[in-house]
Structure formats: C-alpha cells, structure tokens
Amino acid sequence: MAVIEEAAPRAVRWWDVSRIPVQYYVLGVILLILPAISGDFVLRQIFSWAMILGMISLSLMFLAGYGNMVSLVQMTVAGVAAYMVAIFGTSAIDTISFGWPWWVAAPLAVLVAVVFGTLSGALAVRTEGIYTIMITLAIAAAMFYLVRQNYTLFNGFSGLNQVRAPVFLGVDWRAPVPFYYLTLVWAVLAYFAVVYVSRSPFGLALQGVRDNARRMAALGFNVTAHRITAYAFSSLIAGIAGVLLVWLNGQVSPGTIAVGPAIDILIIAVVGGLAHPIGPFLGAILYVLLRTFALDVLVAFGLGGERFQLLIGLGFLVIVFFSSDGILGLWRRYRERARRDPVTGEARDG
Amino acid sequence: MVRFAERRPFWAAVIVLAVAVLLWAIFAPWPEALEDVVGRKKIFLNALFNGITLGALYFLVASGFTLIFGLMKNVNLAHGSLYMLGGYIGYEVADATGWWLLSFLVSFVVVGAIGVLLQLFVFARMEGQDLKQTLVTIGISIVIADIMLWIWGGDFYQILTPDWITGPIELPLITGISRRSGEYIYLTYPVVRLVILLAAIAIGIGMWLVLNRTRIGMLVRAGVDDRDMLSATGVRIQRVFILVFAFGAGLAGIAGVIGGTFQSMAPGEDIRFLLASLVVVIVGGMGSIPGAALGALLIGLAEQFGSVYAPTYAVVLTFLIMVLVLAFRPQGLIAVRR
C-alpha cells in the first residue's frame, strides 16, 4: 500500500527524460494520436467521459488510498461545480443563469465546489472508518433531494440544460477533438498532481495519519487539519472534473448527482484499484466500455438490455470478493506469480 | 430527571417551557392572530401526527439497522433493499390471499431468512473487514434493486388496507371553532396511521423488554459491549449474530409492508429509506435502540414540518439536524455507553 519510494542515489534533474519509464511514453503517444484513429463518438462518449469519471474517481482514490477516508461525496462535489457553471454561466433557463462569461463562471464554480467539499470533509472527519461512508452518503443523498426539490436555484427535477463549452482562442471546445484534448490535459494534470502530492511532505504525513493517526498526533501533526486539507485537494480535482462533465453533457440534472452515480464512482475506484492513481482511470475506462456496450452484449446473449445494472453489480461483487484492491491488485498478483519459480516457489530476480 | 434539573436549571426550565407551549398548541384552540401568522391549526396538527407516524416507520427500519450495527459492527447498506423487498412481498401476499396481517408474517420470515443467508455467506466470511463488507453490501443492494426492478417493474404499488382500519377517525383534539354554530371542530385522522403508530410503539417496547429482561437480550447487550469477551465465556456468538441479523432484517421487511400500506412502493424507495436509517442512526447514536427512537421521531417531524412550512428546504432541515448533532455530539444524542 505504501507508496513511499526510496530516495534517489544522486540528484535527479527533472528534465532528465530518460528516467521516465517506457510505459509512460507508449501510453502518452497512444493518447495523443487517438483522435487520428478513432471516430467522434468513441472520442467523446468513451474517452472524454472516461477521463472525467476517472478524475472524479481519482479524487476518491486520493482520499481512500492515502487517507483511508472512503468518501461518497465526490460525485456531489463534481455535481456542485457542474450546477455552478450552469448557474453562473449560461443555460436555457435564463431566469436562473447569471450569464457570466466562462472565465468567471468556471473558476468560481470550482471554488464553490472546493468550499462545499471542504465543509463536507470537515463534517466527515469528525468520525472515522465506516462512519465516514455513512455520513458522506447521507450528505450526497441530502444534496440530491435538495436539488430535486428546489426550483428557485436548481430548477428542480429537470435541472439546467444547454450549458455549452465555450469558444475561445478561435477553437470551439465543444467539438469532439478539442474537447478530448481538454479533458486529456486536465486528467493528466490531475494524475501528476496526485502523484506529486502523495510524495510531498503533506502527502507523506497524510499516509502516516492513515497508518496510525494517534502516533502522528503524538508527533505533533495536526491530524484533523491534514484530513480536511486532503478533502480540499480532492475537491479541487472533482470540481474541475465537474466543470468538464457539464460541458460534455451540455446539461446537469439531479440524476447527475443521485446516489447511484455516487456509488458508481466508488465502484470505479475500487474496481480500478485504490493503491495507485492510475487505478481509477482503468476502472473508469472499463466502466464506460461496459456502460456503452453492455446492452449489445446482453442482447447477444438473449437477455434484456436493461439488465445492465445487474451486470455491473455482479461484476463489482466478484471483484470485491476476490481482490479487494481491484484490477491493479490482480495485475500485481499475476506479476508476482510470474516472477516466482514454478518448481521451488521462490522469487526469482527480474 | 431531578438530577438533570438540579445540574442544569436553565435548560430544564427551557425544556419545561417548550413542552408546555407544545401541549398548549396541541390541545387549545388557536387564537386568530396566531392562525394568521403560522397558518391553520389543522395543518399544524396534521403535520405533527404525520411526522410522528413517519417517525414510527423510520424507527422500525432504523432499529434493525442499528441493532445489527451495534452488535456486529457491520454497516449493512443493503438494509434499504431489504425494506423494499419486504414491501413487495407483503404486496404479493396481501394481493393473493387478501389477508393484510398474513403479509406481515410472510414478509418477516422471508426477509429474515434472507438476512440469515447474508450473515452466513457474506458477513461471517469477512468479519472485521469494514470496507469490504460495506462494498459487498453496496454490490448486493445494486443487484437486489435490479432484480426487483426486473420482477415488479417501475410501477407504484400500494398495499390495500383491510376494511376494519380503513377510513378516518375523529380524535379529541380541537382544530378550530366553527364560525356558524360556534361548536368545536375536531381533528379527523386515518385509522391506519394510528394503528401503525401503536404497532411501532408496541414493537419498540417489546424490543426493549426482550433486550433488557430476557437471557437472549442479555447476550445481545453483552455482545454489543464486548463481543470478544462474550465469545470467550463460551457463548456461541455466531448463533447470536445470525439471530440478531434475522430479526433486524425481518423488522425491515415488516417496515416495508407498513411503508407499502400508508405510502407506496416504487424503485428508489430503497435508497430513501437507507438514507433515512443512516441519518436516524447518526442522529440518535449508533447501536442504540432508544437513540433510534429519538432520532426517528426527530427526523420524521422535521421532514413533515419542513414539507408543510418550507417545502423546498425540507431535506435541508433534516440535514441540518444531522450537521448540528455531528458538530456538537458526534457520538449521537443517545450514545451507547463504552
């Protein structure tokens, strides 16, 4: 679980590109040339969506993996940002929307989401472990019922629609290819931000709090402050993802932040793996593929296409039963087994 | 109570005053000036009674939840699904046989049996692994919800009440004075809700008696306090676990029948009642039955008064109660002694 690396033997220059593992290059090139080899639908409805869901799950992974705080409120934080973009910016409901330009609306939306997430976190950290799940679930559900019942600010059941991604620098960011690169840039930024923070003094202290909160408190660390800061940081990621989400869908409604999607985020993070920031993205791409193509597969097997939830639920159950650290855990176990000598059972080098 | 009054005379006075005002508001006819400000007394009384009956329903759901949590320390997030399953089973039984009371029995037994299976095949295998249990119950609730959607579809179902409790009854509570004849107008209220309220109170008292006056209740209380020590004294604690889980699940099943009778069953109710039990248990104190009762009453009243007097913010009121409790008493209003 620990992500603490050994200190490098010599001073490493950050521009020393030869130290970057080859996997990163391969993945990077594939992601960059993807628009050339795939259609608009795949780009928009699979990859962009998966990046956004991956970012929201990444914010959960950061809290759960490094802080042992399983928060179900991340989707709600993203939803708050999405709603705020629609309220501050433009939407079809011009009695509600302020009509501010995007460069005011979007940062403000992220700010509101961070404040909301931090406050939720401040509530949730008053308890520990299993209680955190219950309290964050309660917050998420309360927020869902609030936006569904409130018509003056959130336009109730139907939500706010026709929220468009802006046009700037001469590029229409609604078009699939620019939007894909936009989400890619933010997802990559979020990924490296999490990797960086997890190795920073703050991240190491957070992992210390995860492993033994009492000892960290005795060492003079402010445990509660670390936890709340972790919530604030993860809310930042979730908030940015929320802005992208409303630009992708063009609308936001209570269904966006219902309990179902909140739990889906948890499923994505757990199925992908909570041990490393790449896990949520793996889980997200798997989820999006399932979500998009499960219908065809189910129909091919002679079942009704609407049994998609059942498939997701059963798959989730199987993964949780057999590998509590998701796909990453399966991969690591496979690697360990492959490394072991088949005759003696001892580990081999390489 | 006397000691409380001696220690905190100010708060005792405030509480006595509040109770007096409440009693006056319930029993006395309201002057017109008050009705102009707050609204008609009939609305107030209806909200009050609806809140109490809703609280009774929440109590039934949440007490099973809190009992299971208190003893086994596992959060069963499939509890809402058990509630809804109970409602559907009750509907089928009542629809097929026409016996309303039979549906309670069948629901209790079937949902309780599912609880036994859950304990045997899921929770007993991953004891002490909080996160894993929670994730597994989330998975189970998704699967159950989808199977129920498969079988019963997205329609609304309502269990019909038998003739002997259908219709309204006049309660000896004054709602106002008739302008024409000058006589008092009394509150009329559906009988079925009063029956449900009485049943919930009876179940609550029964549960308290079993927990505090019988041998099995003693085992359960000992298990809540220290289950390792209890099993060290030779009690087969797994059997106690199965029993409590079956009872808690069965209670959710009964609550489902009740909820299906005076509200209705439709997809999404499972999450609503899971949320309600979560909030009730957080407010009341985890693992405490009196806490569940108090929390359920508070949340039921808050929801009803909120939906009458501030319709768009009813949920916020519920949530606000939870926030306040968490801020000032994180262990819940009535915490289990440790």
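Bear in mind the structure is a predicted one, so any value in this text is a computation, not a measurement.

1. A short note on the interface of chain B and chain A
With 41 residues of chain B at the contact, the number on the chain A side is 37 residues. In total, about 3500 Å² of surface goes out of reach between chain B and chain A, with carbon and sulfur atoms giving 81% of it. For the pair chain B and chain A, the interface holds 0 salt bridges. Secondary-structure elements contributing two or more residues to the side of chain B that touches chain A are α4 (41–72), α7 (130–152), α12 (269–284) and α14 (314–328) of chain B. Looking at the side of chain B that touches chain A residue by residue, the class counts come to 34 nonpolar, 3 polar and 4 charged.

2. Some words on the confidence of the model for chain A
For chain A, the average pLDDT comes to 80, and 89% of its residues sit at 70 or higher. Model confidence for chain A, summarised as mean pLDDT per element, is weakest for strand β2 (residues 171–172) of chain A at 72 and strongest for helix α9 (residues 223–249) of chain A at 90.

3. Thoughts on unusual backbone geometry
A positive phi angle is found at A:N68, which is not glycine, with a value near 55°. Within the secondary structure, A:N68 sits in the loop between α2 (40–67) and α3 (74–88).

4. Concerning the environment of B:E303
Residue and element names in this part refer to chain B. Here E303 is to be found in helix α13 (residues 289–309). Each C-alpha atom, one on E303 and one on G115, is 29 Å from the other, the two residues being 188 residues apart in sequence. Leave out the neighbours within four places in its chain, and E303 touches L54, Y58, R272, A314 and T318.

5. Some thoughts on the pattern of salt bridges
A side chain with one charge may pair with a side chain of the opposite charge, provided their charged atoms come close. What the rule picks out here adds up to 2 salt bridges over all chains. Where A:R210 meets A:D211, a salt bridge forms, and the shortest distance between an N and an O atom there is 2.9 Å. With a closest N to O distance of 3.4 Å, B:R272 and B:E269 form a salt bridge. One end of the pair, B:R272, and the other, B:E269, are both in helix α12, 3 residues apart, so they sit about a helical turn from each other. By relative accessible area, B:R272 is classed as partly exposed at 21%. Overall, B:E269 belongs to the buried group, its relative accessible area being 14%.

Procedures and definitions
- Residues numbered from 1 in each chain as written.
- Chains lettered and ligands numbered in written order.
- Predicted model: local features only at pLDDT ≥ 70, side-chain atom pairs only at ≥ 80, totals over all residues.
- Heavy atoms only, no water.
- Contact = heavy atoms within 4.5 Å.
- Buried area = accessible area lost by both parts, 1.4 Å probe.
- Salt bridge = Lys/Arg side-chain N within 4 Å of Asp/Glu carboxyl O.
- Helix = DSSP H or I, 4+ residues; strand = E, 2+ residues; numbered from the N terminus.
- Nonpolar A, V, L, I, M, F, W, Y, C, P; charged D, E, K, R; others polar.
- pLDDT = per-residue confidence, 0-100.
- Buried < 20%, exposed > 50% of the residue type's maximum accessible area, 1.4 Å probe, protein only.

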